[in-house]
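Structure assessment
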Amino acid sequence: PNSPMLNRVIAGLYAPGSTFKIASTLAGLNSGKIKADTIIEDTGVVRLGPYSFANWYFNQYGRKDGPVDAVKALQRSNDIYYYRLGQTIGEEDLGKGAKMLGLGEKLGIDIPGESKGVIPSDAWKQENIGDVWYPGDTLHMSIGQGFVLTTPLQISNMTAYVAADGKQFPPSIAHQIKTPDGAVVKEFKFDPINRAKFKQADLQTVKRGLEAVTKEGGTAW
């Protein structure tokens, strides 16, 4: 109520949470350090020094998902998988994959006020927080928490990219400009940007995981 003029879709900055796991999965596969069939055992909790990082399923029900691959990780939104993925590929590859999907930068929509968001790194943290990057920061980042901030438009764009099998279109409000009597002054055409270069096999893996989310056993079932 105190920000009635804030266009939250393009300027509101929010922790993306588990929607970021789309980016983490693609970043992991793109790095070559994990494969679609790489199995990670859900241990319920990952311990890092004195700190514990638990999976939501273990926190809420005291249960585990067992062996998890990329598709099941998305289906079950399994935090342990992504913690281990983050440890395996590191924050630099996580950030690279996220930026390939248009996170952490303006997408160029044709209305003013768009925010770029934050895809953090060691350099960003030292400059903005005054502290170094810790291993736990990578775990938080892998599940879209910690310092990661995105706009709803960026998440929509990322999801559309996967749904369209790797085509990215610039977000836009304008379709045509007409005179008062209906004559077309200008018509806008939107060709794919093709900024991200993920393999089709990796995109199909992510699509299978996302489709499984709404089926029996998925977190949206």
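These figures come from a predicted structure and were not determined experimentally.

Turning to the pairing of strand E6 (residues 184–187), a few remarks are in order. Sheet topology note: the strand E5 (residues 176–178)/E6 ladder contains three bridges and is antiparallel. Note on E6: the bridge partner recorded for Ile-177 is Lys-186. In textbook terms, the turn of a hairpin is the stretch between consecutive antiparallel strands, and for E5 and E6 this stretch comprises five residues, one of which, Gly-182, has a positive phi near 100°.

Here we come to the packing of aromatic side chains. Counted according to the given criterion, the structure contains eight aromatic pairs. Pairing Trp-56 with Tyr-57 gives two aromatic rings, centres 5.4 Å apart and planes at 55°, and the pair type is tilted. Here Trp-56 falls in the partly exposed class, since its relative accessible area comes to 22%. Residue class for Tyr-57 comes out buried when judged on its relative accessible area of 12%.

Take unusual backbone geometry next. Its identity is not glycine, yet Ser-77 carries a phi of approximately 50°, on the positive side. Mapped onto the elements, Ser-77 comes out in the loop between helix H4 (70–76) and helix H5 (79–100). Residue classification places Ser-77 among the buried positions, given a relative accessible area of 11%. The phi torsion at Asp-165 lies on the positive side, around 55°, for a residue other than glycine. Tracing the backbone through its elements, the reader meets Asp-165 in the loop between helix H8 (152–163) and E5. Given the relative accessible area of 31%, Asp-165 is considered partly exposed.

Relative to the elements of secondary structure, Ala-123 occurs in helix H6 (residues 122–128). Relative accessible area serves as the criterion here: at 53%, Ala-123 is assigned to the exposed category.

All told, the structure shown has five salt bridges when counted by the stated rule. Here Arg-76 makes a salt bridge to Asp-65, at a shortest N to O gap of 3.1 Å. You can see Arg-76 sitting in helix H4 and its partner Asp-65 sitting in the loop between helix H3 (56–61) and strand E4 (67–68), a full eleven residues away along the chain. Of the two residues, Arg-76 and Asp-65, both sit in the buried class. A salt bridge links Lys-125 to Asp-137; its shortest N-O distance comes to 2.7 Å. In this pair, Lys-125 sits in helix H6 while Asp-137 sits in helix H7 (residues 135–142), placing the two residues twelve residues apart along the sequence.

On to the packing of H5 against H7, then. The contact between H5 and H7 brings their axes to 8 Å, and the two run at 95°. The pairing of H5 with H7 is recorded here as roughly perpendicular in orientation. Together, Tyr-82, Tyr-83, Gly-86, Gln-87, Gly-90, Glu-91, Leu-94 and Gly-95 of H5 and Thr-138, Leu-139, Met-141 and Ser-142 of H7 make up the contact between the two elements. Looking at the contact of H5 with H7, its residues break down into five nonpolar, six polar and one charged.

How each quantity is defined
- Residues numbered from 1 in each chain as written.
- Predicted model: local features only at pLDDT ≥ 70, side-chain atom pairs only at ≥ 80, totals over all residues.
- Heavy atoms only, no water.
- Pairing = 2+ DSSP bridges.
- Helix = DSSP H or I, 4+ residues; strand = E, 2+ residues; numbered from the N terminus.
- Phe/Tyr/Trp six-rings, centres within 6.5 Å; stacked < 30°, edge-to-face > 60°.
- Buried < 20%, exposed > 50% of the residue type's maximum accessible area, 1.4 Å probe, protein only.
- Salt bridge = Lys/Arg side-chain N within 4 Å of Asp/Glu carboxyl O.
- Axes fitted to C-alpha atoms, helices over the stretch in contact; angles between N-to-C directions.
- Parallel < 35°, antiparallel > 145°, perpendicular 65-115°, else oblique.
- Contact = heavy atoms within 4.5 Å.
- Nonpolar A, V, L, I, M, F, W, Y, C, P; charged D, E, K, R; others polar.

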